[in-house]
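# Topology and contacts: notes
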Number of protein chains: 6
Amino acid sequence: MPLIQVDGPSIDTDKKRRLVKELTDVAMRIYNIQHITVLIRENQPENVGSNGQLIADKHRGE
Amino acid sequence: MPLIQVDGPSIDTDKKRRLVKELTDVAMRIYNIQHITVLIRENQPENVGSNGQLIADKHRGE
Amino acid sequence: MPLIQVDGPSIDTDKKRRLVKELTDVAMRIYNIQHITVLIRENQPENVGSNGQLIADKHRGE
Amino acid sequence: MPLIQVDGPSIDTDKKRRLVKELTDVAMRIYNIQHITVLIRENQPENVGSNGQLIADKHRGE
Amino acid sequence: MPLIQVDGPSIDTDKKRRLVKELTDVAMRIYNIQHITVLIRENQPENVGSNGQLIADKHRGE
Amino acid sequence: MPLIQVDGPSIDTDKKRRLVKELTDVAMRIYNIQHITVLIRENQPENVGSNGQLIADKHRGE
């Protein structure tokens, strides 16, 4: 602990690397704790809804 | 926020569409808040246990 | 399973009762599974951030 | 409820079977409640960060 | 990682101590990994629904 | 989405404000998405276990 769980769309490995590095830097500084764990979860657009509509359907309509 | 996270078995896209639509309708009405996010997570039967037994094993035995 | 986790602001017991009843009805119908669990989490406005700002600070400014 | 969610690396079905059985035994005994649900989530090493570094990168360097 | 999150009713400190000790023993043995984190979340009966009904209401009716 | 959930010890409001601001900045930059939600959960030391021991007990022994 602290533990940071991030739910977002799919991203490439380099972005994951930067995400883990930079989120950890922020949390270490503010909590003043060394041990930080980050879990990244990648969600398909058909598994996420915003305001009643699937993200997959929104993007199709744009 | 509010945020609704749903863990269940795999379902097809049309059921996901209805799930997001109908869960959002309920939450909007009760919380009286417009912005609702829904995350659907699909779990394989071998990743879920009920009362000490994998769902995958229960279905095999039925 | 299915499991529905809801993160929102504090609500009274009657709204929780309706939330559990109505979210369960939706999930039972769409998943066609009887056993549904709902977990409601109430979050203080100073524990939620939207677009970089605490909800607690947004409401103060309105 | 109770609900136990486990995030770890990928494991084979037999380990999942034992994990569900043994975690459930512990929780049943301590909570004195019969109905226990376990959700296992398998995380790729490039989706987990420890102390600012992806697990995928740590293993590469060892 | 692994990370174990447990949602259940309120329990006393001694039961939490045993829960953390015994869940960790199981996970260490099966994953063969030393570093295990356990998060215990205590849920009020009016924040949990089972099959459409608040746990708080079920207990009242018994 | 993206959604960032942070589990840590209790912190004061100003640290929460900075945490939300800085985690959001990182996520916006890397995902290139404007809408970011952050949920902060504060965990009592007796509800967190590390390597089989409650954090509450570790601190007592130090």
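Everything below is about the structure shown above.
Residues numbered from 1 in each chain as written. Chains lettered and ligands numbered in written order. Predicted model: local features only at pLDDT ≥ 70, side-chain atom pairs only at ≥ 80, totals over all residues. Heavy atoms only, no water.

## Describing the relation of the copies chain B and chain C
For the pair chain B and chain C, the relating rotation is 180 degrees, the translation along its axis is 0.0 Å, and the fit reaches an RMSD of 0.0 Å. Read as a symmetry element, the transformation amounts to a two-fold axis. Taking the C-alpha atom as reference, chain B places Gln5 of chain B closest to the rotation axis, 2.5 Å from it. With an isologous cut-off of 70% or more, the 100% of interface residues of chain B that recur at the interface of chain C puts this contact in the isologous class. (Least-squares fit on C-alpha atoms with pLDDT ≥ 70 in both. Contact = heavy atoms within 4.5 Å.)

## Things to note about the interface of chain B and chain C
Of the residues lining the interface, 24 residues belong to chain B; the matching set on chain C comes to 24 residues. Both sides together, the interface formed by chain B and chain C hides about 2,300 Å², and carbon and sulfur atoms give 68% of it. If you sort the residues of chain B by the area they bury against chain C, Met1, Ile30 and Tyr31 of chain B come out on top, with a joint share of 30%. The tally of links between chain B and chain C comes to 2 salt bridges. Between Glu22 of chain B and Arg29 of chain C there is a salt bridge, and its shortest N-O distance comes to 2.8 Å. Linking chain B with chain C are 7 residue pairs in polar contact (both at pLDDT 80 or more). At the level of elements, β1 (3-8) and α1 (13-31) of chain B are the ones that each hand at least two residues to the side of chain B that touches chain C. (Buried area = accessible area lost by both parts, 1.4 Å probe. Salt bridge = Lys/Arg side-chain N within 4 Å of Asp/Glu carboxyl O. Polar contact = N/O pair within 3.5 Å; in protein donor to acceptor, adjacent residues only side chain to side chain. Helix = DSSP H or I, 4+ residues; strand = E, 2+ residues; numbered from the N terminus.)

## Some points on the interface of chain A and chain F
Contacts between the two partners involve 23 residues from chain A and, on the opposite side, 24 residues from chain F. Here chain A meets chain F over a buried area of about 2,300 Å², counting both sides, of which 68% is carbon and sulfur. Counting the surface chain A buries against chain F, the share from its top three residues, Met1, Ile30 and Tyr31 of chain A, is 31%. Across the chain A-chain F interface, the total number found is 2 salt bridges. Viewed at the interface, chain F and chain A are joined by 7 residue pairs in polar contact (both at pLDDT 80 or more). Broken down by secondary-structure element, the contributors of at least two residues to the side of chain A that touches chain F are β1 (3-8) and α1 (13-31) of chain A.

## Overview of the pattern of salt bridges
Here the idea is simple: oppositely charged side chains can pair when their charged atoms come close. Tallied over the full model, the rule gives 42 salt bridges over all chains. Lys16 of chain C is the partner of Glu42 of chain C in a salt bridge, and the nearest nitrogen-oxygen pair spans 3.1 Å. You can see Glu42 of chain C sitting in strand β2 (residues 37-42) and its partner Lys16 of chain C sitting in helix α1 (residues 13-31), a full 26 residues away along the chain. Classification of Lys16 of chain C as buried rests on a relative accessible area of 2%. Residues participating in the shared-partner salt-bridge network are Asp14 and Arg17 of chain A together with Asp57 of chain D. (Buried < 20%, exposed > 50% of the residue type's maximum accessible area, 1.4 Å probe, protein only.)

## Concerning the packing of α1 of chain A against helix α1 (residues 13-31) of chain F
Two elements in contact, α1 of chain A and α1 of chain F, have axes whose closest approach is 10 Å; the angle formed by their N-to-C orientations is 170 degrees. The angle between α1 of chain A and α1 of chain F places the two elements in the roughly antiparallel class. For the pair formed by α1 of chain A and α1 of chain F, the contact residues are Lys15, Arg18, Leu19, Glu22, Leu23, Val26, Arg29, Ile30 and Tyr31 of chain A on the first element and Lys15, Arg18, Leu19, Glu22, Leu23, Val26, Ala27, Arg29, Ile30 and Tyr31 of chain F on the second. (Axes fitted to C-alpha atoms, helices over the stretch in contact; angles between N-to-C directions. Parallel < 35°, antiparallel > 145°, perpendicular 65-115°, else oblique.)

## Overview of the sheet that holds strand β1 (residues 3-8) of chain F
The strand order across the open sheet formed by 8 strands is β4(C)-β3(C)-β2(F)-β1(F)-β1(A)-β2(A)-β3(D)-β4(D), and the pairing between neighbours is mixed. Unpaired on one side and paired on the other, β4 (53-54) of chain C together with β4 (53-54) of chain D mark the two borders of the sheet. Sheet analysis places β1 of chain F next to strand β2 (residues 37-42) of chain F, joined by 6 bridges and oriented parallel. Residue Val6 of chain F lies in a different strand from β2 of chain F, and its bridge partner there is Ile40 of chain F. Here α1 of chain A sits on the sheet and contacts β1 and β2 (37-42) of chain A, β3 (48-50) and β4 of chain D together with β1 and β2 of chain F; the angle it forms with β2 of chain A, its principal contact strand, is near 140 degrees. Lying over the sheet, α1 of chain F contacts β1 and β2 of chain A, β3 (48-50) and β4 of chain C together with β1 and β2 of chain F, oriented at roughly 140 degrees with respect to β2 of chain F. (Pairing = 2+ DSSP bridges.)

## So, unusual backbone geometry
In terms of backbone geometry, most residues other than glycine have negative phi values and most peptide bonds are trans. A cis geometry characterises the amide bond from Met1 of chain A onward to Pro2 of chain A, with omega recorded as -5 degrees. Along the chain, Pro2 of chain A turns up in the segment before β1. Here Asn32 of chain B, not a glycine, exhibits a phi torsion of approximately 55 degrees, which is positive. By the secondary structure assignment, Asn32 of chain B is in the loop between α1 and β2 (37-42). With a phi close to 55 degrees, Asn51 of chain C is a non-glycine residue in the positive phi region. Position of Asn51 of chain C among the secondary structure elements: in the loop between β3 and β4.

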